[in-house]
Amino acid sequence: MKGYLIQRILEAISGLKEISALLDGIRREGGLLAGPDLERIRSRAYEAADAYGREAADYLAAVRDAYRYGYGDDAEEIARLSLALQGAGGMAAELAGQYIAATDRAFQLGGSVARLAELLDGTAAVSSRNAIGLSELTEAMSLAGPLAASLGLGADEAAAALGTIASAAGQGGQEAADSLEGILLNIRQVADEGEGVSAEGIREFEAACRSLGVSLEETRDGAIALRSPMDVLGELSEAYSTLGPDDPRRSGLPEALGGSQAEALDALLSNYGAYEKMLGDYAGGVGSLSAQAGLAADSWEASMSRLSGTWEEALGNIADPAAVSSVLDALDGVLSATAGITEALGPLGSLGLGAGLLASLKDVGREGTYSPMDMPTAA
């Protein structure tokens, strides 16, 4: 087997290659970022990763995506929110970034870090207090959030409705999002063949609601207007709860939707108390994301990420920063060829060999080298 030290150095080299590529991506997305800015971001990556039990690459990917989504000066704060979400939900940086950007746009948060933190806390509270996977719920929110917001739901209502559907109907993120979208489109009388909502189905759904004494419309300022979807669902739930199991009106309402939407509507109306509880969980969720991320940071996997980060940071600090790319390529080949002889050297020999290789990094590739940090910034 490869000696422990050699193996760790090889892993660190692989990690540093990824970090070098990510820094190059940040430089391109950030536009005017210079070498000192990138070095500062690299240094902060290890600090943030250590705090959340993630890898430096996770933080840097989040910074890159934050610049890509247009967060500019707030990119690193957004990245920390992403890192907390990654840890709490066990999700990749890309998914966390997509969720943050999608909900920011959908609920018109204006890129406010404080308002995004509030939304993430609320979502995390709904997840943790109701045994719903956070990655599942955030996926559903990122998919259904834009339509839900456009049809009048707040972020708290969307999270609670999706959480209820996911827990009571046993639907995953994608399915729960599709189901809620179908329900909302029917209530708002919007036909969408792509979502399986036809004009005929809308008429059947409206008739089923009328049979329960619930109207989809109201008079507002002397004009007929569509009602709030959650107000309609609240009244439907009250009427639904009074019906016997054999009452045709009980089956008629979900059947007007069909498929997974029918199951989701039945789950939502039958468990409206759970929906209201989740609204309360969302409102009282301050600090929930940090708490969940903290628990994840204490895990064995997080400890291993910290250990890998320690090796990467140490190797990166020893190497000449201006020669990182060429040094890593050269050293990777040297170590791969050398690893096969470490068994013959024994533990002490392996340590001596590894120490010599580390020391040699200071002098490798000092001439004719290239690094993303050396590239000219945009004018």
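Residues numbered from 1 in each chain as written. Predicted model: local features only at pLDDT ≥ 70, side-chain atom pairs only at ≥ 80, totals over all residues. Heavy atoms only, no water.

This paragraph deals with the overall build of the protein. Tallying secondary structure elements over the protein gives 18 helices and 2 strands in all. Considering the protein as a whole, with its 379 residues, one finds that 49% of them fall into the buried category. Pairs at least 24 residues apart make up 69% of the contacts formed inside the protein by residues separated by at least 6 positions. In the form shown here, the protein has an accessible surface area of approximately 16700 Å², with 51% of it arising from carbon and sulfur atoms. (Helix = DSSP H or I, 4+ residues; strand = E, 2+ residues; numbered from the N terminus. Buried < 20%, exposed > 50% of the residue type's maximum accessible area, 1.4 Å probe, protein only. Contact = heavy atoms within 4.5 Å. Areas by Shrake-Rupley, 256 points an atom, 1.4 Å probe, with all protein chains shown as cover.)

What follows is about empty space enclosed by the protein. The final tally for this structure, using the stated rule, is 2 cavities of 30 Å³ or more. What the second largest cavity holds in volume is close to 50 Å³. Taken together, Ala62, Asp65, Ala66, Tyr69, Tyr71, Ile78, Ala79, Ser82, Gly97, Ile100 and Ala101 make up the full set of residues lining the second largest cavity. When contributions to the lining of the second largest cavity are tallied by element, the ones reaching two or more residues are helix H3 (56-68), helix H4 (75-89) and helix H5 (93-106). Here the residues of the lining of the second largest cavity sort into 8 nonpolar, 2 polar and 1 charged. (1 Å grid on protein atoms, 1.4 Å probe; cavity = no way out; pocket = protein on both sides within 12 Å on 5 of 7 lines; lining within 4 Å. Points joined across faces, edges and corners; volume = space filled by probe spheres on them. Nonpolar A, V, L, I, M, F, W, Y, C, P; charged D, E, K, R; others polar.)

Our next topic: the pairing of strand E1 (residues 217-220). Across 4 bridges, the pairing between E1 and strand E2 (residues 223-226) is antiparallel. Looking at the pairing, Glu217 lines up with Leu226 of E2. In sequence, E1 turns back onto E2 through a hairpin of 2 residues, with Asp221 there showing a positive phi of about 55 degrees. (Pairing = 2+ DSSP bridges.)

Below, the discussion takes up the confidence of the model for the protein. Per-residue confidence for the protein averages 79 on the pLDDT scale, and 74% of its residues sit at or above 70. In the model, residues 302-312 has pLDDT below 50 throughout and makes 26 contacts with residues more than four positions away in sequence or in other chains. When the criterion is pLDDT under 50, residues 357-379 qualifies, and its contacts beyond four places in sequence or with other chains add up to 48 contacts. (pLDDT = per-residue confidence, 0-100.)

A full pass over the atoms with the stated rule returns 13 salt bridges. Glu29 serves as the salt-bridge partner of Arg68, at 3.2 Å between the closest nitrogen and oxygen. Of this pair, Arg68 sits in helix H3 while Glu29 sits in helix H1 (residues 4-30), and the two are 39 residues apart along the sequence. We classify Arg68 as partly exposed; its relative accessible area is 46%. Note that Asp247 and Arg249 form a salt bridge whose closest N and O atoms lie 3.1 Å from each other. Using a relative accessible area of 19% as the deciding quantity, one classes Asp247 as buried. Its relative accessible area of 35% is what places Arg249 among the partly exposed residues. Each of Glu29, Arg64, Asp65 and Arg68 takes part in one network of salt bridges that share partners. (Salt bridge = Lys/Arg side-chain N within 4 Å of Asp/Glu carboxyl O.)

What follows covers helix H7 (residues 134-150). Taking 1.5 Å as the rise per residue, H7 with 17 residues should run 24 Å; its terminal C-alpha atoms sit 23 Å apart, in good agreement. The largest bend in H7 is about 50 degrees, located at Ala144, with the proline Pro146 one to four residues further on. What H7 keeps buried is the set Leu134, Leu137, Thr138, Ala140, Met141, Ser142, Ala144, Gly145 and Ala148. Within two residues after H7, Gly152 carries a phi angle of roughly 105 degrees, on the positive side. (Expected span 1.5 Å × (residues − 1). Bend = angle between axes of the 7 residues up to and from the residue.)

Attention now goes to the environment of Ala293. Mapping Ala293 onto the fold places it in helix H15 (residues 288-297). Residue classification places Ala293 among the buried residues on the basis of a relative accessible area of 2%. Residues in contact with Ala293, not counting those within four places in the same chain, are Tyr52, Ala84 and Ala88.

Turning our attention to the packing of aromatic side chains. Working definition: an aromatic ring pair is given by the centre-to-centre distance plus the angle between the planes. Taken as a whole and assessed by the stated rule, the structure comprises 1 aromatic pair. Ring geometry for Tyr272 against Tyr275: centres 4.9 Å apart, planes inclined by 40 degrees, an arrangement best described as tilted. Separated by 3 residues within a single helix, Tyr272 and Tyr275 lie in helix H14 (residues 272-283), roughly one turn from each other. With respect to burial, Tyr272 and Tyr275 carry one shared label: buried. Geometry around Tyr240 places Arg250 over its ring, the cationic atom sitting 4.3 Å from the centre. (Phe/Tyr/Trp six-rings, centres within 6.5 Å; stacked < 30°, edge-to-face > 60°. Lys NZ or Arg CZ within 6 Å of the ring centre and 35° of its normal.)

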